[in-house]
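Structural description and commentary
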Amino acid sequence: WAWQRDSCWRLCFFCEQRPVLHTSKNSANMFKVDLPLDPREQAKIDARRNRDEQRKSRIFDSKQRTMGLDIEALNAQVEEKKRREAEERDFHATADAETLRQAKIMELLHQRQTADRRAMEKADLEFRATQQLAATRREFDLNDPSALKKATLTRQGDEDPRLGASSLQVFQGEDLGAKERKRLQSEQQRQWLQEQRIADAEAKEAEEHEKQCTELLQLQQTVRLRDLSVAEEERRRELVRSTAEYNKQLTEQKAAAEAARRAAEQEQNAREQLAAFHGPLLSEDPSGAQPAPGATVRVLSDRYKGMSEAQRAEYRAAQLAQIEDRKQRQEEENREQALHDRHVALIDRTLQLRDRDSARSRREHARMQNEENAALAAEQKARREHENKVAARNTIGSSFHDQFNRDAR
């Protein structure tokens with residue numbers, strides 16, 4: 001394998017390549033530096049940036065920097081806002097007090113209804129305990145445990161109540177007291193119906209009274225809510241009216257201030273126009289462009305009215321001289337550029353020839369290296385075939401089979 005390694009290194013050298021060093025992911029992750037900042041440090045940085053942005057907005061606001069703020073108007077607005085907030089607090093306090101009062105009234109009515117209901121239930125229980133006894137029920141005679149004790153003699157009529165069956169006076173199904181019993185039962189039923197009518201009338205009257213109380217309470221609440229809505233609407237209208245008057249006053253004040261400013265500006269413009277009309281700028285006085293003795297400038301640019309004929313001729317002569325000088329410099333630059341281009345072309349030709357020679361030599365070296373590698377590959381293949389087929393071949397002969405089956409064991 002040494003000759004293969006040497007041949008591979010030679011091939012890399014002739015191909016102008018170098019071996020590549022491979023690194024694992026663990027080594028790349030070992031030096032990870034994209035860690036998050038400390039939350040407190042990040043918060044400080046964000047706060048500093050916010051302060052800088054606020055300061056920029058204050059400094060770069062030309063209106064606030066030049067005109068300032070209307071402190072009196074701002075104070076008036078603050079007082080107006082405080083007054084509105086006080087009115088709203090008073091209104092909410094009144095509404096809360098009224099709500100508490102209505103809640104107390106509802107609680108008292110609920111307690112009264114609960115007490116009336118409990119009293120009615122108690123009266124029902126007392127009525128059942130005193131008037132609706134088990135002994136007064138119409139079917140009590142069928143379930144009376146003392147029926148046998150209270151029973152009369154076998155016979156109540158026909159002169160002898162002790163007459164037996166042989167007397168032929170007592171027959172099965174005979175009931176001598178049926179008429180009286182039916183009369184008593186009818187009377188008792190009429191009494192029960194009368195009591196039931198009275199109880200139904202009283203319950204209906206109580207229900208009507210409770211319904212009237214509930215309707216009266218709802219009517220009172222509706223009237224109160226209507227009064228509160230009317231008061232709220234009136235207060236809102238008064239607030240809108242006062243706001244409109246205040247805005248109207250501000251508009252009139254602003255219009256008066258704007259008119260005064262325009263009048264002052266028009267007066268100032270008139271004075272400036274008059275001064276400019278009589279000044280040296282519009283009077284076309286060429287002597288006004290001459291500077292004072294000892295000045296560093298030749299003429300005053302804001303009063304200059306143009307050049308004289310002598311100055312124009314001198315200026316044209318200087319321009320012609322500059323044009324001739326520029327033409328000479330351009331011709332000289334063109335000659336130098338031509339020489340430089342020829343030199344660059346010669347250098348390019350030389351470099352192209354060198355590149356061709358270098359490419360030819362690289363191709364020749366690559367061909368030789370390929371031939372050498374092919375020869376080495378053939379030699380390696382022949383050696384491997386010899387090792388596999390000749391040197392490493394283990395042939396089984398007759399001596400191997402003769403060592404078996406020589407005895408019973």
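To keep things clear, this report deals only with the structure shown in the data block. Starting afresh in each chain, residues are numbered from 1 along the sequence in its written order. With pLDDT at 70 or above as the cut-off, local features in this predicted model cover only qualifying residues; side-chain atom pairs require 80 or more to be listed or tallied, and sums for whole chains, interfaces and linings still use all residues. Derived side-chain values reflect all non-hydrogen atoms in the structure, with water molecules and hydrogen atoms excluded from consideration.

1. Regarding the overall build of the chain
Applied cut-off: Counting from the N terminus, the helices are the DSSP runs of H or I reaching at least four residues and the strands are the DSSP runs of E reaching at least two. Relative accessibility decides the category of a residue: with a 1.4 Å probe and only protein chains considered, values under 20% of the type maximum give buried, values over 50% give exposed, and everything between is partly exposed. Residue contacts follow a heavy-atom distance rule, with two residues in contact if any of their heavy atoms lie within 4.5 Å.
Scanning the chain from N- to C-terminus turns up 10 helices and 0 strands. Mapped in sequence order, the helices and strands of the chain form the string α-α-α-α-α-α-α-α-α-α. Counting all 409 residues of the chain, 5% fall into the buried class. Excluding contacts between residues fewer than 6 apart, the proportion of contacts in the chain whose partners are at least 24 apart in sequence is 53%.

2. So, a negative patch on the surface
This is how the line gets drawn: In this analysis, a patch consists of residues with relative accessible area above 30% that form no salt bridge, clustered at 9 Å for like charges and at 5 Å for the nonpolar side chains Val, Leu, Ile, Met, Phe, Trp and Tyr. Throughout, the Shrake-Rupley method with a 1.4 Å probe supplies accessible areas, and for residues the shown protein chains are the sole cover considered. The rule for a salt bridge is simple: a side-chain nitrogen of Lys or Arg has to be within 4 Å of a carboxyl oxygen of Asp or Glu. By the counting rule applied here, Lys and Arg register as positive and Asp and Glu as negative, while His and the ends of each chain are not counted. By convention, the charge on Lys lies at NZ, on Arg at CZ, on Asp at CG and on Glu at CD.
A surface patch of negative charge is lined by Asp116, Glu207, Glu208, Glu210 and Glu215. At 4 residues, helix 8 (residues 178–278) tops the list of elements feeding residues into the negative patch. With respect to the helices and strands, the residue glutamate 215 is situated in helix 8.

3. Side note on a nonpolar patch on the surface
Taken together, the side chains of Leu216, Leu219 and Val223 define a hydrophobic patch exposed on the protein surface, amounting to about 260 Å² of accessible area. Structurally, the position occupied by leucine 216 is in helix 8.

4. A look at the packing of aromatic side chains
What counts here: To pair, rings of Phe, Tyr and Trp, with the six-membered ring standing in for Trp, must have centres within 6.5 Å; the planes then decide the type, stacked if under 30 degrees apart, edge-to-face if over 60, and tilted in the middle. The criterion for a charge sitting over a ring is simple: Lys NZ or Arg CZ within 6 Å of the ring centre, and within 35 degrees of the ring normal.
For the structure shown, the criterion picks out 0 aromatic pairs. When the ring centre of phenylalanine 91 is taken as reference, the NZ or CZ atom of arginine 235 above it lies at 5.5 Å.

5. Let's talk about a positive patch on the surface
On the surface, Lys44, Arg48, Arg49 and Arg51 cluster together to form a positively charged patch. Tracing the backbone through its elements, the reader meets arginine 49 in helix 3 (residues 39–59).

6. So, the pattern of salt bridges
This structure, assessed with the given rule, holds 24 salt bridges. Across the salt bridge formed by glutamate 245 and arginine 241, the nearest N and O atoms sit 2.6 Å from each other. Here the residue glutamate 245 and the residue arginine 241 both occupy positions in helix 8, the gap between them amounting to 4 residues, near one helical turn. Residue class for glutamate 245 comes out partly exposed when judged on its relative accessible area of 41%. Classification of arginine 241 by relative accessible area gives partly exposed; the value is 39%. A salt bridge links arginine 383 to glutamate 379, with the shortest nitrogen-to-oxygen separation between them at 3.2 Å. On the criterion of helical spacing, the pair formed by arginine 383 and glutamate 379 is a turn pair, its members being 4 residues apart in helix 9 (residues 309–391). Classification of arginine 383 as partly exposed rests on a relative accessible area of 37%. Residue classification places glutamate 379 among the partly exposed positions, given a relative accessible area of 45%. Overlapping salt bridges bring together Glu232, Glu233, Arg235, Arg236 and Arg237 as one network.

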